[in-house]
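# Structural overview
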Amino acid sequence: MPLFASGRERRLWLWTLAVVVGIYATIGFGSTVAGVLREGGLIEASLFLGAMALVGATVVAQGLRARPGGVEVAVALGVAVVYVLVLMRVASPVERSHLIEYSVLAVFVYEALTERASQGRRVPSPALLAVFATALVGTVDECVQWLAPSRVFDPVDIVFNALAAVMAVLASRALGWARRRTSGATPG
């Protein structure tokens, strides 16, 4: 039996790996880059552009299979409003980046698991597994930061990363519901 149930699942796991590598790659030099950006007044713009790149990658990975209907557009706008409100309430640019990074990671994991399940493979509770896997990546990230001299271990970040995963999976499920409703398909 092949490792991946489909080509789409394989692509989604590769995107997941790319996001995890990106998250872990910042451990050694993340605070240095943030300091340079902060001094130049560029941290907000850089985070915004980075967020848009991650969101764009997520949209491409999910695939724009069909033209969205009215319900799907309404749900997408609702999700966007919730994310904007949360981003506005979070004071720290670092916390904002965590929300974006771990949301994107959770969507890729969730989509890969649901793709696997849709191909007939056994995947118990893809939503819970996606949240757990994303929270685990965030926990490992924080634990590695504990060992890095230029970084700080923060248990609040672990909780925030898990909450970002929950938000992303709920948003993905809501969009999936709207997509099925628009297309008239029944849930699998």
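It should be noted that the structure appears before, not after, this text.
Since we're looking at a predicted model, the values are computed, not measured. (Residues numbered from 1 in each chain as written. Predicted model: local features only at pLDDT ≥ 70, side-chain atom pairs only at ≥ 80, totals over all residues. Heavy atoms only, no water.)

The next subject is the pattern of salt bridges. Note that side chains of opposite charge can pair when their charged atoms are close. As enumerated under the stated definition, the model contains three salt bridges in all. One salt bridge in this structure joins Glu-115 and Arg-8, with 3.2 Å as the shortest N-O distance. Of this pair, Glu-115 sits in helix 4 (residues 93-118) while Arg-8 sits in helix 1 (residues 7-39); the two residues are 107 residues apart in sequence, bridging distant segments of the chain. Glu-9 is the partner of Arg-116 in a salt bridge, and the nearest nitrogen-oxygen pair spans 2.8 Å. Here the residue Arg-116 occupies a position in helix 4, and Glu-9 occupies one in helix 1, the gap between them amounting to 107 residues. With respect to class, Arg-116 is no different from Glu-9; both count as buried. Three or more residues are tied together by salt bridges with common partners; here these are Arg-8, Glu-111 and Glu-115. (Salt bridge = Lys/Arg side-chain N within 4 Å of Asp/Glu carboxyl O. Helix = DSSP H or I, 4+ residues; strand = E, 2+ residues; numbered from the N terminus. Buried < 20%, exposed > 50% of the residue type's maximum accessible area, 1.4 Å probe, protein only.)

Within the secondary structure, Ser-103 sits in helix 4. Among the polar contacts listed, one links the side chain of Ser-103 to the backbone oxygen of Leu-99, at a separation of 2.6 Å. In contact with Ser-103, other than residues within four places in its own chain, are Tyr-83, His-98, Ala-164 and Ala-168. (Polar contact = N/O pair within 3.5 Å; in protein donor to acceptor, adjacent residues only side chain to side chain. Contact = heavy atoms within 4.5 Å.)

A word on the packing of helix 5 (residues 126-147) against helix 6 (residues 155-183). At a minimum axis separation of 8 Å, helix 5 and helix 6 run at an interaxial angle of 155 degrees. The orientation of helix 5 relative to helix 6 falls into the category roughly antiparallel. Both helix 5 and helix 6 take part in a crossing whose hand is right-handed. Within the contact between the two elements, helix 5 uses Ala-127, Ala-130, Val-131, Thr-134, Ala-135, Gly-138, Thr-139 and Glu-142 and helix 6 uses Asp-157, Ile-158, Asn-161, Ala-162, Ala-165, Val-166, Val-169 and Arg-173. (Axes fitted to C-alpha atoms, helices over the stretch in contact; angles between N-to-C directions. Parallel < 35°, antiparallel > 145°, perpendicular 65-115°, else oblique. Left-handed = near helix turned anticlockwise from the far one by under 90°.)

Another point: the packing of aromatic side chains. What describes a pair of aromatic rings is the distance from one ring centre to the other and the angle between the planes of the rings. For the coordinates displayed, the defined rule picks out two aromatic pairs. Look at Trp-15 and Phe-108: their rings are 6.0 Å apart centre to centre, the planes differ by 15 degrees, and that puts the pair in the stacked class. Of this pair, Trp-15 sits in helix 1 while Phe-108 sits in helix 4, and the two are 93 residues apart along the sequence. Aromatic side chains Trp-146 and Phe-153 sit 6.4 Å apart centroid to centroid with 55 degrees between the ring planes, which places their arrangement in the tilted category. In this structure Phe-153 comes out as partly exposed when scored by relative accessible area, which is 32%. (Phe/Tyr/Trp six-rings, centres within 6.5 Å; stacked < 30°, edge-to-face > 60°.)

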